[in-house]
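Tertiary structure, described
Read off the chains here:
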Amino acid sequence: AQTVTQSQPEMSVQEAETVTLSCTYDTSENNYYLFWYKQPPSRQMILVIRQEAYKQQNATENRFSVNFQKAAKSFSLKISDSQLGDTAMYFCAFTSVDNYGQNFVFGPGTRLSVLP
Amino acid sequence: ETGVTQTPRHLVMGMTNKKSLKCEQHLGHNAMYWYKQSAKKPLELMFVYNFKEQTENNSVPSRFSPECPNSSHLFLHLHTLQPEDSALYLCATRTLGGDEKLFFGSGTQLSVL
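Scope of this entry: the structure provided in the associated data block. Worth saying up front: this structure is predicted, and the values here are computed from it rather than measured. (Residues numbered from 1 in each chain as written. Chains lettered and ligands numbered in written order. Predicted model: local features only at pLDDT ≥ 70, side-chain atom pairs only at ≥ 80, totals over all residues. Heavy atoms only, no water.)

As a further point, take the side chain of Arg94 of chain B. Of note, Arg94 of chain B is situated in strand S9 (residues 87-94). One polar contact links Arg94 of chain B to Tyr33 of chain B, side chain to side chain, over a distance of 3.2 Å. (Helix = DSSP H or I, 4+ residues; strand = E, 2+ residues; numbered from the N terminus. Polar contact = N/O pair within 3.5 Å; in protein donor to acceptor, adjacent residues only side chain to side chain.)

On to the pairing of strand S8 (residues 73-79) of chain B. Residues and elements named next belong to chain B. Sheet topology note: the strand S3 (residues 18-25)/S8 ladder contains seven bridges and is antiparallel. Paired with Lys22 across the strands is Phe75, a residue of S8. Where strand S7 (residues 64-70) and S8 come together, five bridges link them in antiparallel fashion. Looking across to S8, one finds that Asn70 is bridged to His73. Taken together, S7 and the strand that follows it, S8, pair antiparallel across an intervening segment of two residues. (Pairing = 2+ DSSP bridges.)

Turning our attention to the nonpolar core. Grouped together as the largest cluster of nonpolar side chains are 26 residues, with contacts concentrated most on Tyr25, Trp36, Phe75, Leu77 and Tyr90 of chain A. Elements with a contribution of two residues or more to this core: strand S3 (19-21), strand S5 (32-39), strand S6 (46-52), strand S8 (64-69), strand S9 (74-79), strand S10 (88-96) and strand S12 (110-115) of chain A. Here the element with the most residues in this core is S10 of chain A; it accounts for four residues. In contact with Tyr90 of chain A, not counting residues within four places along its chain, are Gln6, Leu21, Trp36, Tyr37, Lys38, Val48, Phe64, Leu77, Ile79, Gly109, Thr110 and Leu112 of chain A. Of all hydrophobic cores here, the second largest spans 22 residues; its members include Met13, Leu21, Ala87 and Leu110 of chain B. (Core = buried A, V, L, I, M, F, W, Y, C linked by side-chain atoms within 4.5 Å. Buried < 20%, exposed > 50% of the residue type's maximum accessible area, 1.4 Å probe, protein only. Contact = heavy atoms within 4.5 Å.)

Attention shifts here to unusual backbone geometry. The residue after Thr7 of chain B, namely Pro8 of chain B, is reached through a cis peptide bond having omega -10°. Its identity as a non-glycine residue notwithstanding, Asp81 of chain A has a phi of 50°, on the positive side. In this structure Asp81 of chain A comes out as partly exposed when scored by relative accessible area, which is 40%.

This part takes up the interface of chain A and chain B. On the chain B side, the residues contacting the 19 residues of chain A number 27 residues. Counting the surface lost from both chain A and chain B, the interface buries some 1,900 Å², and carbon and sulfur atoms represent 50% of this. Where chain A touches chain B, the interface holds eight residue pairs in polar contact (both at pLDDT 80 or more). Those elements that place two or more of their residues in the side of chain A that touches chain B are S5, S6 and strand S11 (104-106) of chain A. Of the residues belonging to the side of chain A that touches chain B, the class tally is ten nonpolar, seven polar and two charged. (Buried area = accessible area lost by both parts, 1.4 Å probe. Nonpolar A, V, L, I, M, F, W, Y, C, P; charged D, E, K, R; others polar.)

So, on to the packing of aromatic side chains. A complete count under the given rule lists 16 aromatic pairs over all chains for this structure. On the numbers, 5.5 Å between centres and 80° between planes, the contact of Tyr37 of chain A with Phe104 of chain B is edge-to-face. Note that Tyr37 of chain A is positioned in strand S5 and Phe104 of chain B in strand S10 (residues 103-104), a pairing that runs across two chains. Of the two residues, Tyr37 of chain A and Phe104 of chain B, neither departs from the other in class, the shared state being buried. Put simply, the rings of Tyr33, Phe35, Tyr37, Phe104 and Phe106 of chain A together with Tyr33, Tyr35 and Phe104 of chain B touch in pairs and so form one group of aromatic residues. (Phe/Tyr/Trp six-rings, centres within 6.5 Å; stacked < 30°, edge-to-face > 60°.)

So, on to the sheet that holds S3 of chain B. Residue and element names in this part refer to chain B. With antiparallel pairing, four strands are arranged side by side in an open sheet as S1-S3-S8-S7. The open sheet has two edge strands with one neighbour each: strand S1 (4-7) and S7. Mean inter-strand twist for the sheet, computed between neighbouring axes without regard to direction, equals 15°. With four bridges joining them, S1 and S3 adopt antiparallel strand pairing. Across the sheet, Thr5 pairs through a bridge with Glu24, a residue of S3. (Axes fitted to C-alpha atoms, helices over the stretch in contact; angles between N-to-C directions.)

Any functional reading would require information that these geometric values do not contain.
If you want it as structure tokens, here you go:
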């Protein structure tokens with residue numbers, strides 16, 4: 001069974017600074033996707049960024065980028081130029097391609113506070 | 001507006017009540033999910049429907065009963081719940097064989113008294 005671990009329950013960062021959220025996962029699959037979702041106080045989960053395991057190049061979306069280390073099974077999220085609107089819970093998630101993505105497995109989340 | 005709408009947004013019910021949660025999607029997706037989000041715990045998958053057929057029941061107690069009458073609607077019928085069932089219930093959708101990502105609603109915050 002796949003598991004996703006986020007070792008930082010809470011983090012804070014000053015506005016305009018850079019912060020990195022950690023995620024590790026465990027799987028025997030070779031073909032899968034990794035995600036970072038953001039859940040602001042409005043409760044809606046919003047996709048921040050996605051990485052396909054077969055791609056070596058790290059995904060980037062504007063101020064968000066990942067450091068994907070497949071051998072180490074590590075998938076960290078870097079937020080540059082942090083903004084107050086980035087305050088939210090951040091969830092790392094995994095889905096296997098081989099089972100048609102039936103189950104998206106989520107980590108326990110990291111609560112990020114961006115301080116003015 | 002995300003295309004996945006959940007109602008009600010909040011629900012308080014007694015242990016003997018019967019209620020239903022509703023999820024409606026306008027994205028043309030063919031797979032729908034129910035997740036349970038409890039405080040300080042990872043999201044727990046409850047049910048998956050592909051093309052209106054239930055393909056996953058993650059050992060969920062029978063007091064939770066899902067229904068998917070068509071590809072746009074998903075319900076979660078609740079009866080004789082326990083206080084530990086209090087949680088945020090999230091609906092998510094995706095397209096099978098398409099873009100591998102879930103789209104979520106804003107959830108129903110359920111309190112069982």
